[in-house]
Amino acid sequence: NAGVTQTPKFRILKIGQSMTLQCAQDMNHNYMYWYRQDPGMGLKLIYYSVGAGITDKGEVPNGYNVSRSTTEDFPLRLELAAPSQTSVYFCASTPSAGGLVGELFFGEGSRLTVL
Amino acid sequence: GIQVEQSPPDLILQEGANSTLRCNFSDSVNNLQWFHQNPWGQLINLFYIPSGTKQNGRLSATTVATERYSLLYISSSQTTDSGVYFCAVGSNYGGSQGNLIFGKGTKLSVKP
């Protein structure tokens, strides 16, 4: 069972470059999330999606974009990378029923360094 | 938005000891989960517990939603329990459906 798969696991970017972090889940979950975790800190929500075609901003959306064209995929786009975006990025998914969000499943994380 | 506070921020235990971790939240929630982040960074869901009590082996959790707190109990701790424990809460009220907010975590170190 693959669960939530993130790629790449590691990436080094130069300031001003752009890239996309990929996230895919095979559990048919309708809710998906992107979090970032800075060293020694908790997780901060960047964007989330409650279903294909629907996305919403979290706590720290600036500098990022997302799309959700399918239930399975939720890519995170970084435009004009800045050192402040150096972090570990986690994708997560969860089922929902009757408007209630269920148990959250995380990918293994993508470590991004911007130099 | 909802504020989540976890205590203590750091905890050092001798192997075999018991501990209680606390999560306070500032508003009504209908979603509360506990996670363990191991030293390799992997996040594992321990409990989905918006209310009541659950147990899984040496771990148990209790959420008192009306008083806005949750407790995670670790009994007979082992070195493999080391890592960071996070509480995350969410609410379907006020248009925030699906938005899960994390606390800053409790860093646990279990010494052999």
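Structure: above.
These lines cover the structure that appears in this document, whether it is placed above or below. (Residues numbered from 1 in each chain as written. Chains lettered and ligands numbered in written order. Predicted model: local features only at pLDDT ≥ 70, side-chain atom pairs only at ≥ 80, totals over all residues. Heavy atoms only, no water.)

1. What about the environment of Ser 70 of chain B?
Residue and element names in this part refer to chain B. By secondary structure assignment, the location of Ser 70 is in strand 8 (residues 69-74). Through-space distance from the C-alpha of Ser 70 to that of Gly 52 is 9.3 Å; in sequence the pair is 18 residues apart. Look past the residues within four positions of Ser 70 in its chain and what remains in contact with it is Leu 21, Arg 22, Cys 23, Phe 25, Leu 32, Trp 34, Thr 62 and Thr 63. A distance of 3.0 Å separates the side chain of Ser 70 from the side chain of Trp 34, its partner in a polar contact. One polar contact links the side chain of Ser 70 to the main-chain carbonyl oxygen of Thr 62, over a distance of 3.1 Å. (Helix = DSSP H or I, 4+ residues; strand = E, 2+ residues; numbered from the N terminus. Contact = heavy atoms within 4.5 Å. Polar contact = N/O pair within 3.5 Å; in protein donor to acceptor, adjacent residues only side chain to side chain.)

2. Some thoughts on the sheet that holds strand 3 (residues 19-25) of chain B
All names here are of chain B. Strand order in the open sheet formed by five strands is 1-3-8-7-6, with antiparallel pairing between adjacent strands. What marks the edges here is a single partner per strand, and that holds for strand 1 (4-7) and strand 6 (52-56). Here the strands of the sheet are splayed against their neighbours by 15 degrees on average, with no regard to which way each runs. Two elements, strand 6 and strand 7 (residues 59-64), share five bridges in a ladder whose sense is antiparallel. Paired with Gln 55 across the strands is Ser 60, a residue of strand 7. (Pairing = 2+ DSSP bridges. Axes fitted to C-alpha atoms, helices over the stretch in contact; angles between N-to-C directions.)

3. What to know about the side chain of Asn 45 of chain B
Looking at where Asn 45 of chain B falls in the secondary structure, it is placed in strand 5 (residues 43-48). Engagement of the side chain of Asn 45 of chain B in a polar contact is seen with the backbone oxygen of Leu 104 of chain A, the distance being 3.1 Å. A distance of 3.3 Å separates a polar atom in the side chain of Asn 45 of chain B from the backbone nitrogen of Phe 47 of chain B. For Asn 45 of chain B, the residues in contact, after removing those within four places along its chain, are Glu 103 and Leu 104 of chain A together with Gln 33, Trp 34 and Phe 35 of chain B.

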